[in-house]
Amino acid sequence: MTGVRLVDGTEIPADAVICAVPNSRIHGLLDDLPEHAEIYAAADKLGVTPIVSTNLYLDRPLGTKSAMEALIGGTGVIDEVFDRQRMHHRTPDGAWLYCLTTSGAYKQIHKSNDEIVAEQLALIRRYYPEAAAAKVVHAQVVKMPKATFSQVLGTAGLRPGQRTSVPNLMLAGDWTRTDWSATMESAAQSAERAVRALLAYTPAGDQR
Ligand SMILES: Cc1cc2nc3c(=O)[nH]c(=O)nc-3n(C[C@H](O)[C@H](O)[C@H](O)COP(=O)(O)OP(=O)(O)OC[C@H]3O[C@@H](n4cnc5c(N)ncnc54)[C@H](O)[C@@H]3O)c2cc1C
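Residues numbered from 1 in each chain as written. Predicted model: local features only at pLDDT ≥ 70, side-chain atom pairs only at ≥ 80, totals over all residues. Heavy atoms only, no water.

Caption draft 1: Here's a closer look at the sheet that holds strand E5 (residues 68-70). Taking strand neighbours across the sheet as the criterion, the 5 strands line up as E5-E6-E7-E4-E8 in an open arrangement whose pairing is antiparallel. Edge strands, defined here as strands with exactly one partner in the open sheet, are E5 and strand E8 (136-149). Each neighbouring strand pair of the sheet contributes to a mean axis angle of 20 degrees, computed without reference to strand direction. The sheet contact formed by strand E6 (residues 80-83) and strand E7 (residues 96-103) spans 4 bridges and is antiparallel. (Pairing = 2+ DSSP bridges. Helix = DSSP H or I, 4+ residues; strand = E, 2+ residues; numbered from the N terminus. Axes fitted to C-alpha atoms, helices over the stretch in contact; angles between N-to-C directions.)

Here's what the structure looks like:
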């Protein structure tokens, strides 16, 4: 490994490289690596999980008790409600902002923004009596079809380690082999392992 070539052709020389792109973006980056087909196949099998978030501005407060509230039974519609007023001392100015998050939004991701907001409002009204007559001032739906890698049963063994057959090229990212699921902790641990492996590597002829 002598460096990285960017899409515009610029080459950045490097003593070592850590490839830390998501599994959904790894294809084509490691073609010169003998084991690239194995890594690409694992990346495909690990798959993706969608997340949908809605920034919902209402004409009145919901009556939340804390900055983050999980909705038990909200799976597939809303998992968590984040109260931005409480989180950031936001001044409502006539519009109270709530961020609604749905992880594993396999069905929701295919719905229209209007459908998503309508079904989320229905759930909000079930959990928060104050929302019964609330009007939507503005709603912004953010769809992330490839938010994280998927963690269905039986996929843990597919996750590639950080080392590659090229001693100064490492893989990192939450989807590589770690003790964690798709989390910041996993990303951090993968980086720690990749860097540790690189520091243990001494290039041939290098007496440092
Ligand atoms: C909506 C949402 C909510 C989440 N909530 C939580 C949470 O509450 N707690 C938690 O622990 N985790 C959460 N996660 C998961 C967490 O964000 C990820 O596990 C973590 O960011 C993974 O880090 P990473 O460095 O592996 O990948 P990423 O953070 O995805 O970084 C990969 C980087 O590679 C870059 N890239 C992609 N392709 C290329 C390319 N060809 N060349 C160069 N660069 C490229 C991307 O631009 C990106 O900067 C959430 C994720 C999402 C999407």
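There's more to say after this.
Caption draft 2: View of the site of the ligand. Neighbouring the ligand are 16 residues, the closest being Gly 173, Asp 174, Thr 183, Met 184 and Ala 187. Between the ligand and Asp 174 there is a distance of 2.7 Å, counted from an oxygen atom to a side-chain nitrogen or oxygen. A distance of 2.8 Å separates an oxygen atom of the ligand from a polar atom in the backbone of Met 184. Against a free-state accessible area of 1000 Å², the protein chains account for coverage of 50% of the ligand. Elements represented by at least two residues in the shell around the ligand include exactly E8 and helix H4 (184-199). Its residues placed into classes, the shell around the ligand shows 10 nonpolar, 3 polar and 3 charged. (Near = heavy atom within 4 Å. Polar contact = N/O pair within 3.5 Å; in protein donor to acceptor, adjacent residues only side chain to side chain. Areas by Shrake-Rupley, 256 points an atom, 1.4 Å probe, with all protein chains shown as cover. Nonpolar A, V, L, I, M, F, W, Y, C, P; charged D, E, K, R; others polar.)

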